[in-house]
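Structural description and commentary
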Amino acid sequence: MKLQIEIAGKKRHVELAEAGERPLWTIDGQRLEADATEASPGIYSILINGKSFEVRIERRGAELRAMTRDREFAVVIQDEREWRRHRGGSVEAEGRQQVLAPMPGKVVRVLVSAGDSVRAGQGLLVVEAMKMQNEVRAPKSGTIDRVRVVEGQTVNAGEVVVVVS
Amino acid sequence: MKLQIEIAGKKRHVELAEAGERPLWTIDGQRLEADATEASPGIYSILINGKSFEVRIERRGAELRAMTRDREFAVVIQDEREWRRHRGGSVEAEGRQQVLAPMPGKVVRVLVSAGDSVRAGQGLLVVEAMKMQNEVRAPKSGTIDRVRVVEGQTVNAGEVVVVVS
Amino acid sequence: MFKKVLIANRGEIAVRIARACRELGVRAVAVYSDVDRASLHVRLADEAYPIGPAPSRESYLVVEKILGVGRYAGCDAIHPGYGFLAENPALPRACVDAGIAFIGPSAAAMEQLGAKTAARQIARDVGAPTVPGTLSPINTVDEAREIAREIGFPVILKAVAGGGGKGMRSVAGENQLAPAWRDATSEALNAFGDSRLYLEKYLERPRHIEIQVLADHHGHFVYLGERECSVQRRHQKVMEEAPSPIMTAELRKAMGEAAVKLARAGTYTNAGTVEFLVDAQRNFYFLEMNTRLQVEHPVTEMVTSLDLVKLQMRIAAGEPLPFSQEEIELRGHAIECRIYAEDPDNNFFPSPGKIVDCGVPTGPGIRLDAGIYAGWTVPNEYDPMLGKLIAWGGDRKEALARMGRALQEYYASGIKTNVSLFRRILASGDFQKGAVYTRWLDDFLSAGPALEGLEDEEESRAEQAAAIAAFLWHRRHADGANAFEASTIPESRWKTESRREQVNREPQP
Amino acid sequence: MFKKVLIANRGEIAVRIARACRELGVRAVAVYSDVDRASLHVRLADEAYPIGPAPSRESYLVVEKILGVGRYAGCDAIHPGYGFLAENPALPRACVDAGIAFIGPSAAAMEQLGAKTAARQIARDVGAPTVPGTLSPINTVDEAREIAREIGFPVILKAVAGGGGKGMRSVAGENQLAPAWRDATSEALNAFGDSRLYLEKYLERPRHIEIQVLADHHGHFVYLGERECSVQRRHQKVMEEAPSPIMTAELRKAMGEAAVKLARAGTYTNAGTVEFLVDAQRNFYFLEMNTRLQVEHPVTEMVTSLDLVKLQMRIAAGEPLPFSQEEIELRGHAIECRIYAEDPDNNFFPSPGKIVDCGVPTGPGIRLDAGIYAGWTVPNEYDPMLGKLIAWGGDRKEALARMGRALQEYYASGIKTNVSLFRRILASGDFQKGAVYTRWLDDFLSAGPALEGLEDEEESRAEQAAAIAAFLWHRRHADGANAFEASTIPESRWKTESRREQVNREPQP
């Protein structure tokens, strides 16, 4: 099995071959003296040349994170097949942009309406959760295409609240 | 749903009826002001007339145990149907008796052979585990019917090691 | 001692109080809102009663409901914890009427010492220093110049209607006063429709240091040393320690005696905290008094070997303080981290949700006061504090080392927590030296993440380990199509980035 | 200080040492047998190396393997923990050859003070009291009578080859001596093929009280107060506390000074423990010396505010003791429960297996030193101790109350533990009063479970709660046919009963 794994922005090709009972790890073509075991669900004890690392893998919504004792890494995994499939469709960064609720909560104020022109960083609406009010701001300058929430409404994290074009 | 539940040797008939969203508990025909929720797997928070109990239910081999903050109870559950079915077959206490390994370990000494006559309490074999040697003794006086283990063998808890008749 | 204490709170502090009750053989009675039925404080209590819907205005803040449970369950005392009704004089007043002891000061003492302006007046009356300046509006720039000359530059102009830094200008010397006055006046007018300003001595990089006091019903007052609470994010304490790294025996005595004097003047009883600002020259200025148990009380407990919650109960039960000022001994050093369900990579947004698993640090010198457990869902409706991690050491160095070690062992998975923030703070040279002030953390954070050290072997090994772990995780979870999608769609990173940009959390006014 | 320490142990003590290393900035190197790959001490270490199969004779007890890892990983010191190689002079000797520091005494001191007979000789030489009697065989009953008259009745006859109570007779007065001699002689002959006896003063209900000593390489010796370790089950300590409930300042000084004198005479260095028996008149008698860190060291840490493992490392690194005898202050009271994977309802049989879930008590005054986690399988091959729960309080009463509270919060599910034993001990009047002796727990247990209090409302409510919980558990799990079978077959109870009868655990000779 072979995967492309991006850790802290660096892509690596990781391969695991089981030779007899000993698993053989290869990262970017280099053999690694590594031994890995899952201690608890999602928690891995990894020994690399005797150095002991404990890595906790956690999915947070759409993201994967790897936590060691002192460090935290963003992780993106693609296996070779998947990777080829996705290669074509590039990420659209310009044009219409969906603004997402960053947390679950209640919309306490909507500051813009469809058709308003906004500057990047301008407040669009205010979400309240856990006694904190949080302003959701425009990711770019443009025109409000649609406002998809009303005051008093409850939203979930990642829900589209406003579309800016 | 109705179950016969034996707690600390006392049999109770416990019934749960869901009336609307409120569950109604009845024990031995008496209505109970009780609210129960499973906080973690196998750990229940129970409020009875406002009194807060935390009960952990654990299966240990063939036994069920209920642990509160300060107490521990043996639990035997039978639903009414099962109960009727089992009623006929009574527990055979006399006659041939199987002696079970009380713990996993290694048989370090076998003290009897088939045909030996033994007194109740006499040592039959020694099992070692976790640096402790443990003598398994005869549950009753009689004759060794069969010895099902040899020295050096590993046994599991509950495994039949000797049969006495 | 009481027979049965009602805990009018939730979360870690309700757990803390329930444990004190348990240890004293007193029955602990919990209350819970609809979303708190399975909360830890309910599980650990001897009795528990529902008090209504999730919003605290309809449950934890309703005096009548609290008192109703107290009467129904036959409680002889109520502990308010902190937050919610803890500083609301309506509760002690209602307790008096109901014949139930309130574990805290009287309503009158609460009103006198809890209100900022009244407390400052008392402080001035008893000769405790307050920040020089005026609390009433100044009419003209000339009047401002006169006052500023009197108290000495630098000063700070503040909008009477103000808050959030608007209409605020610091003035280093006289020649800057006129333009600062103009700017602040117009900014205040724009922001609040009220241009009025007042003036205070500007403390350059003040520390927030507070004194814990105890007072019984027999006229005995003691102070239990100080807590250094300068590490704050947007005026919210984040990490506290005792003793303060800058404390001297003389200063402690002076501040402690000022605190006791203030408490005595307000006929205070039970536990309270007197907050001060301390400048670089170790001058201290009374800020305000908190007429309740503080979140950060454990650091005082660790260095005094006392149990403040039990002492609160003893005092409320009419017992005299069991020690005198001279018998209080400070020992070693303690530090506390407030662990929140929030996302330090995303402007510290609250991050409620279900806790999948918990790592609980244990071993020498470590204490955890928490209100959570694996499988519990952090509700959306309340303060997102999960608990407090506390480390004690023979000296500050050992306390910090133990905290660092404990933070490595701590986690709450399934939600985001601010644990990495504490790692960053602990690693900073300023904090290691104790060179902090109330705006230090905001400055530190706005300076951005420190450049990571050069890529060393350890770092690259850690990345390899993470890659291997991610590989194994993927192998186990990738079969579920969703999991696979979620972890591989490249857009996910883009979303994260844009989210980070869009968002800026404001403290609620 | 060292750069890298090899921990030649496993379980909770390896975790304890790894944490001390972490806090000192020293790299911790673990070793593990085949069944310990996923053990907590490996997970928490900075490095970890395999040393062979599960049986300790082939792994943790092999000096060459330990030294091999030490050399390979570039360690500059080895900490042996307790058990395994901790009292084997071969390890410090091999360390000298390898140029690696041994965190403990020299091989010579270990041999002198660790051997019972040699240590007793030293004790007599320095004037420390030992139990009166002789260690060499007595030839005739007349000789025995003479010695018994000298030291005074009651005395006890013991088989030279003996152990386990065989060939042992206590003799209250002279007229009982002859028959006792006959019985003991023949019993010894039958049991061991060796009829020789020796004689000692019989201590009626002695306490086991031990003194913690520290000695650096600069000739400084201190004692850190005592630990009361009288609560033992078949000569195994179960619960320890500090200070001893019967201690006086004078007795502590006398015992402490005797301990230091002994350590000094044996040119001891590092941490060690001198064990004494103390009789009802507070006479103390040297028993033996443990030339290592003890399991129960945390209670001393809690009352002295010191970290013994770090001090061991400092001493081994050549640092002088950072305090004098006069500076050592005892504060409050600490108690420890040794939590074992064993079944208190079934003769304390070991109960290894997979831990499904753990409840970790936290909050004020509670410390847990454990080597386990949920999901880990307790191996069959080693001592079944899971860890130690330690409670500190301002006084003994508070320490006991906190321990009681913490025990309510502790559990390790999936296996059986001895937690209920501690509840019983804590509830007993004798223990509450501190009226214990070395055979107290055996007497207490053989007296059978105390009659439960009359059935009160609380009890019947608890049973109702258990019934409801069992109902809900059954509803969730009954669908799986196996679960249903297992929980309902009536035979299961019969099996339990018969199992209880059949079994009688013997300590290994």
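Reading the values: the criteria
Residues numbered from 1 in each chain as written. Chains lettered and ligands numbered in written order. Predicted model: local features only at pLDDT ≥ 70, side-chain atom pairs only at ≥ 80, totals over all residues. Heavy atoms only, no water. Helix = DSSP H or I, 4+ residues; strand = E, 2+ residues; numbered from the N terminus. Rg over C-alpha atoms; globule rule 2.2 N^0.38 Å. Buried < 20%, exposed > 50% of the residue type's maximum accessible area, 1.4 Å probe, protein only. Contact = heavy atoms within 4.5 Å. Areas by Shrake-Rupley, 256 points an atom, 1.4 Å probe, with all protein chains shown as cover. Core = buried A, V, L, I, M, F, W, Y, C linked by side-chain atoms within 4.5 Å. Domains from an automatic or database assignment. 1 Å grid on protein atoms, 1.4 Å probe; cavity = no way out; pocket = protein on both sides within 12 Å on 5 of 7 lines; lining within 4 Å. Points joined across faces, edges and corners; volume = space filled by probe spheres on them. Nonpolar A, V, L, I, M, F, W, Y, C, P; charged D, E, K, R; others polar. Expected span 1.5 Å × (residues − 1). Pairing = 2+ DSSP bridges. Buried area = accessible area lost by both parts, 1.4 Å probe. Salt bridge = Lys/Arg side-chain N within 4 Å of Asp/Glu carboxyl O. Polar contact = N/O pair within 3.5 Å; in protein donor to acceptor, adjacent residues only side chain to side chain. Phe/Tyr/Trp six-rings, centres within 6.5 Å; stacked < 30°, edge-to-face > 60°. Lys NZ or Arg CZ within 6 Å of the ring centre and 35° of its normal. Lys, Arg positive; Asp, Glu negative; His and termini not counted. Axes fitted to C-alpha atoms, helices over the stretch in contact; angles between N-to-C directions.

Attention now moves to the overall build of chain C. What chain C contains, in helices and strands, is 18 helices and 23 strands. Its C-alpha radius of gyration of 25 Å places chain C within 12% of the 23 Å reference for a compact globule of 509 residues. Along the first, second and third principal axes, the C-alpha atoms of chain C reach 75 × 65 × 45 Å. Within the span of chain C, comprising 509 residues, buried residues form 62% of the whole. Long-range pairs, those at least 24 residues apart, make up 66% of the contacts in chain C between residues at least 6 apart in sequence. In the structure as shown, chain C presents an accessible area of about 19,000 Å², 49% of it carried by carbon and sulfur atoms.

Attention shifts here to the environment of C:Leu6. Residue and element names in this part refer to chain C. Relative to the elements of secondary structure, Leu6 occurs in strand E1 (residues 4-7). For the pair formed by Leu6 and Arg43, sequence separation is 37 residues and the distance between their alpha carbons is 15 Å. For Leu6, the residues in contact, after removing those within four places along its chain, are Val29, Val31, Ile66, Val69, Gly70, Cys75, Ala77, Ile78 and His79.

Once that is clear, we can look at the nonpolar core. Counting residues in each nonpolar core, the largest one holds 44 residues, and the members touching the most others are C:Met239 and C:Phe431. When contributions to this core are tallied by element, the ones reaching two or more residues are helix H2 (40-44), strand E11 (236-242), strand E14 (333-340), strand E19 (366-370), strand E21 (385-393), helix H12 (396-409), helix H13 (419-427) and helix H15 (440-446) of chain C. The residues that make up this core include at least three from each of domain 1 (4-103) and domain 3 (207-446) of chain C. Excluding residues within four positions of it along the chain, C:Met239 makes contact with C:Glu228, C:Cys229, C:Val231, C:Ile335, C:Glu336, C:Cys337, C:Phe422, C:Ile425, C:Leu426 and C:Phe431. If you look at the next biggest cluster of nonpolar residues, it comprises 43 residues, including D:Val15, D:Leu44, D:Ala341 and D:Phe444.

Turning to the domain arrangement of chain C, a few remarks are in order. Here chain C is described as being made up of domain 1 (4-103), domain 2 (132-201) and domain 3 (207-446). Here the C-alpha centroids of domain 1 of chain C and domain 2 of chain C sit 44 Å apart.

Many authors give the size of an interface as the accessible area that is lost as the parts come together. Here the domain parsing of chain A yields domain 1 (2-78) and domain 2 (93-164). Centre-to-centre separation of domain 1 of chain A and domain 2 of chain A, based on C-alpha positions: 37 Å.

Another point: empty space enclosed by the protein. All told, the structure shown has seven cavities of 30 Å³ or more when counted by the stated rule. Of the volumes computed, that of the largest cavity is approximately 440 Å³. Every residue lining the largest cavity is counted, 26 residues in all, and those nearest its centre are C:Met302, C:Arg331, D:Met302, D:Arg331 and D:Trp392. Mapped onto the lining of the largest cavity, the elements with two or more residues apiece are helix H10 (297-304) and E19 of chain C together with helix H10 (297-304), strand E19 (366-370) and helix H12 (396-409) of chain D. Split by residue class, the lining of the largest cavity holds ten nonpolar, four polar and twelve charged.

All names here are of chain D. Between its terminal C-alpha atoms helix H8 (residues 177-192) stretches 21 Å, which fits the 22 Å expected from 16 residues at 1.5 Å a residue. Buried residues along H8 sit against helix H7 (141-151), strand E6 (155-159), strand E7 (169-171) and strand E8 (197-201). Residue Gly193 follows H8 closely and has a positive phi angle near 70 degrees.

Glancing now at the pairing of strand E1 (residues 2-7) of chain B. Residues and elements named next belong to chain B. Counting buried positions over the six residues of E1 gives five, a clear majority of the element. In the sheet, E1 pairs with strand E2 (residues 10-19) via six bridges, with the strands oriented antiparallel. What sits directly across from Leu3, in E2, is Val14. The antiparallel hairpin formed by E1 and E2 contains two residues in its connecting segment, where Ala8 sits at a positive phi of about 55 degrees.

Our focus in this paragraph is the interface of chain D and chain C. The interface of chain D with chain C comprises 27 residues on the first partner and 27 residues on the second. Buried area between chain D and chain C, summed over both chains or domains, comes out near 2,300 Å², and the portion from carbon and sulfur atoms is 48%. Area buried by chain D at its contact with chain C is led by D:Arg19, D:Glu23 and D:Pro364, which between them contribute 24% of it. Summed over the shared surface of chain D and chain C, the number is twelve salt bridges. The residue D:Arg402 makes a salt bridge to C:Glu23 at a minimum N-O spacing of 3.0 Å. Applying the counting rule to chain D against chain C returns 20 residue pairs in polar contact (both at pLDDT 80 or more).

It is worth spelling out the packing of aromatic side chains at this point. A complete count under the given rule lists 18 aromatic pairs over all chains for this structure. For the pair C:Phe276 and C:Phe284, a centre-to-centre distance of 5.3 Å together with 90 degrees between the ring planes defines the contact as edge-to-face. Here the two residues C:Phe276 and C:Phe284 agree in accessibility, since each one is buried. Considering the side-chain rings of D:Tyr60 and D:Phe84, the 5.0 Å spacing of their centres and the 25 degrees angle between planes classify their relative orientation as stacked. In this pair, D:Tyr60 sits in the loop between strand E3 (47-50) and helix H3 (63-73) while D:Phe84 sits in the loop between strand E4 (77-79) and helix H4 (90-98), placing the two residues 24 residues apart along the sequence. Taken together through their ring pairs, the aromatic side chains of C:Tyr60, C:Phe84 and C:Tyr382 make up a single cluster. Lying across the ring of C:Tyr373, C:Arg43 places its NZ or CZ 4.2 Å from the centre. The ring of C:Phe431 carries the charged tip of C:Arg396 above its face, separated from the ring centre by 5.1 Å.

Residue and element names in this part refer to chain C. The residue Glu336 is located in strand E14 in this model. Lacking a salt bridge, the buried Glu336 has Arg338 as its closest oppositely charged neighbour, with an N-O distance of 4.1 Å. If sequence neighbours within four positions are ignored, Glu336 has contacts with Val238, Met239, Glu240, Val295, Glu296, Pro298, Val299, Lys388, Leu389, Ile390 and Met403.

Residues and elements named next belong to chain D. An order of E13-E12-E9-E10-E11-E14-E21-E19 is seen for the eight strands of this open sheet, with the pairing classed as antiparallel. The outermost strands of the open sheet, each flanked by one partner alone, are strand E13 (284-290) and E19. Mean inter-strand twist for the sheet, computed between neighbouring axes without regard to direction, equals 25 degrees. Across four bridges, strand E10 (residues 221-233) lies against strand E11 (residues 236-242) in antiparallel orientation. Bridge pairing in E11 places Glu228 opposite Glu241.

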